[in-house]
Each structure stands twice: as structure tokens, then as C-alpha cells.
Amino acid sequence: MDVPAWQAYVVSIVPPAERAGAVASTGALRGVAQAFGPVLAGAAIQSASLGLPFFVGGGVKVIYDLALYAGFRACRAEHETAGRPDL
């Protein structure tokens, strides 16, 4: 998921009082996780073909996006449920 869409999604499902903390913590975790990318890519390039890091990175991204969708597909944001007693 691209960063603007991901941030908009986080903001839409988190209560207003917790939004700043949610955006800050998820952004910090994203930055820490990005620090390991070059190390893992370097190891993959040394041990395998040059295209392997791209396939592994794409596969991890697809798994992450599908897991995010599966985890939150039933979760409705406040603006989606406003005025709808059936949700």
C-alpha cells in the first residue's frame, strides 16, 4: 500500500484522540523496518541471482497488503457507519 493511502486508511479507522499516536508509531516502525532492506538485499544479491531481491520484495509486499485487507475488511470507519444502524 502506498504511503498516502496507508496513512489515510490509518486515520480513518483510528479514533480522533489516538490518531496522532497511531500515525507517529506506524511511521516510526516503517522507518525502522526500512533500515533492514539494504542488508537483506545485499545478502540476497551475494547468494543468488540479481533479480531475487525484487521478487522477494514484491512477494512480501503482496503478502502484507493481503494480510492488511484480511485483517480489516470487516472494520468500518466512523464516517462509513454514521447514520446506518445496520452496520
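The coordinates are above.
The paragraphs below set out a description of the structure included in this document. (Residues numbered from 1 in each chain as written. Predicted model: local features only at pLDDT ≥ 70, side-chain atom pairs only at ≥ 80, totals over all residues. Heavy atoms only, no water.)

### Observations regarding a nonpolar patch on the surface
Part 1: Among the surface-exposed residues, Val-32, Phe-36 and Leu-40 lie close enough to one another that they form a single nonpolar patch of about 330 Å² accessible area.
Part 2: The topology assignment puts Val-32 in helix 2 (residues 19-35).
Part 3: Judged by its relative accessible area of 51%, Val-32 falls in the exposed class. (Patch = residues over 30% accessible without salt bridge, like charges linked within 9 Å, V, L, I, M, F, W, Y side chains within 5 Å. Areas by Shrake-Rupley, 256 points an atom, 1.4 Å probe, with all protein chains shown as cover. Salt bridge = Lys/Arg side-chain N within 4 Å of Asp/Glu carboxyl O. Helix = DSSP H or I, 4+ residues; strand = E, 2+ residues; numbered from the N terminus. Buried < 20%, exposed > 50% of the residue type's maximum accessible area, 1.4 Å probe, protein only.)

### Digging into the pattern of salt bridges
Part 1: Across all of its chains, the model carries one salt bridge by this definition.
Part 2: We note a salt bridge from Lys-61 to Asp-65, for which the minimum N-O separation is 3.9 Å. Of this pair, Lys-61 and Asp-65 both sit in helix 4 (residues 52-72), four residues apart, which is roughly one turn of that helix.
Part 3: The class for Lys-61 is partly exposed, based on a relative accessible area of 37%.

Any link to function would need more than the numbers given here.
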